Amino acid sequence: MKNYLKAANWEIFLLTVGLFFIMCYIFFSTTYSYFSASVTKSEQWEIIPQLSQTLIALISIFYVTVALWMFSIVNYFCKKDLKFWLFVLALVCPLIVVVLFAINVYNVQQFGSKIFPAIGLEYVLGFTIALLALFWAIYWFAKVVVTSCDVYAGFKLSLYKIIFGVLFFPIGIWKIQPIIVTISSKREDI
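Residues numbered from 1 in each chain as written. Predicted model: local features only at pLDDT ≥ 70, side-chain atom pairs only at ≥ 80, totals over all residues. Heavy atoms only, no water.

Trainee: Hey, could you run me through the nonpolar core in this one?
Mentor: Across soluble globular proteins, nonpolar side chains have a tendency to be buried as a group. Within the largest apolar cluster, 43 residues are counted, with the highest numbers of intra-cluster contacts made by Trp69, Met70 and Phe141. For this core, the secondary-structure elements that each account for two or more residues are α1 (3-6), α2 (9-36), α3 (41-77), α4 (82-111), α5 (121-153), α6 (159-167) and α7 (169-189). With twelve residues, the single largest contributor to this core is α5. Contacts of Phe141, omitting those with residues within four sequence positions, involve Trp69, Met70, Ile73, Val74, Phe87, Ile162 and Val166. Formed by five residues, the second largest nonpolar core is a distinct cluster that contains Phe20, Cys24, Leu51 and Leu58. (Core = buried A, V, L, I, M, F, W, Y, C linked by side-chain atoms within 4.5 Å. Buried < 20%, exposed > 50% of the residue type's maximum accessible area, 1.4 Å probe, protein only. Helix = DSSP H or I, 4+ residues; strand = E, 2+ residues; numbered from the N terminus. Contact = heavy atoms within 4.5 Å.)

Trainee: Please explain the packing of aromatic side chains as it appears in this structure.
Mentor: How two aromatic rings sit relative to each other is set out by the distance from centre to centre and by the angle between their planes. On inspection of all chains with the given rule, the structure shows twelve aromatic pairs. Taken together, a centroid distance of 5.3 Å and an interplanar angle of 40 degrees make the contact between Phe13 and Trp174 tilted. Here Phe13, found in helix α2, pairs with Trp174, found in helix α7; they are 161 residues apart in sequence, far enough to count as distant. A relative accessible area of 22% places Phe13 in the partly exposed class. Here Trp174 falls in the partly exposed class, since its relative accessible area comes to 37%. Relative to Trp85, the ring of Phe84 lies with its centre 4.9 Å away and its plane at 80 degrees, an arrangement referred to as edge-to-face. These aromatic residues form a ring-pair network of at least three members: Phe20, Phe21, Phe62, Trp69, Phe141 and Phe169. Across from the ring centre of Tyr76, 4.4 Å away, lies the NZ or CZ of Arg187, which sits over that ring. (Phe/Tyr/Trp six-rings, centres within 6.5 Å; stacked < 30°, edge-to-face > 60°. Lys NZ or Arg CZ within 6 Å of the ring centre and 35° of its normal.)

Trainee: Help me out: how do you make sense of α7 in this one?
Mentor: At 3.6 residues per turn, the α-helix brings residues three or four places apart onto the same side. Counted at 1.5 Å a residue, the expected span for α7 with its 21 residues is 30 Å, and the 29 Å between its end C-alpha atoms agrees. At Lys175, α7 shows its largest kink, close to 30 degrees, and the proline Pro178 lies no more than four residues downstream. When we look at burial in α7, the residues that qualify are Phe169, Gly172, Ile173, Ile176, Gln177, Ile179, Ile180, Ile183 and Ser184. (Expected span 1.5 Å × (residues − 1). Bend = angle between axes of the 7 residues up to and from the residue.)

Keep in mind that these numbers describe shape and distance, not what the molecule does.
In structure tokens, the structure reads:
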């Protein structure tokens with residue numbers, strides 16, 4: 001996990017965003033080649049649920065790589081108290097909701113019935129809870145980085161800069177990761 005702290009910003013970018021885009025390119029190119037082939041419309045409609053499951057898996061892989069990056073940084077700079085474990089739960093919560101959603105979609109495709117009998121309410125409630133948990137995790141991550149920057153590196157950093165850097169991750173990683181490397185090297189010097 002400490003490899004995330006010493007990695008250059010381009011390495012983190014390639015690990016998270018680059019890996020995701022390569023997998024998406026493969027996914028969309030094979031999908032395009034399938035749909036451009038001479039298959040009937042009914043065969044095309046049969047493959048769409050499988051494609052949606054693959055896309056859910058790709059997004060989950062991207063989320064896991066970003067969550068591991070955030071977790072390794074908070075794990076290094078933060079003491080293991082209740083807020084730390086709430087942060088871990090907040091990182092895992094969206095993944096649990098997506099997995100339950102994927103299981104439910106699979107059951108509807110295979111058996112024609114849902115696990116959850118409600119009419120879409122579980123999706124709205126689950127995704128709302130997942131988004132709230134994710135926003136809290138991003139806030140806590142930013143707070144830990146700002147506090148560590150103040151304590152170890154001795155300079156002030158804006159909380160909003162880190163929050164927006166995580167929300168717009170492909171661009172923000174170029175600003176956040178050099179700060180993380182600086183803070184971790186200053187912490188090791190102390």
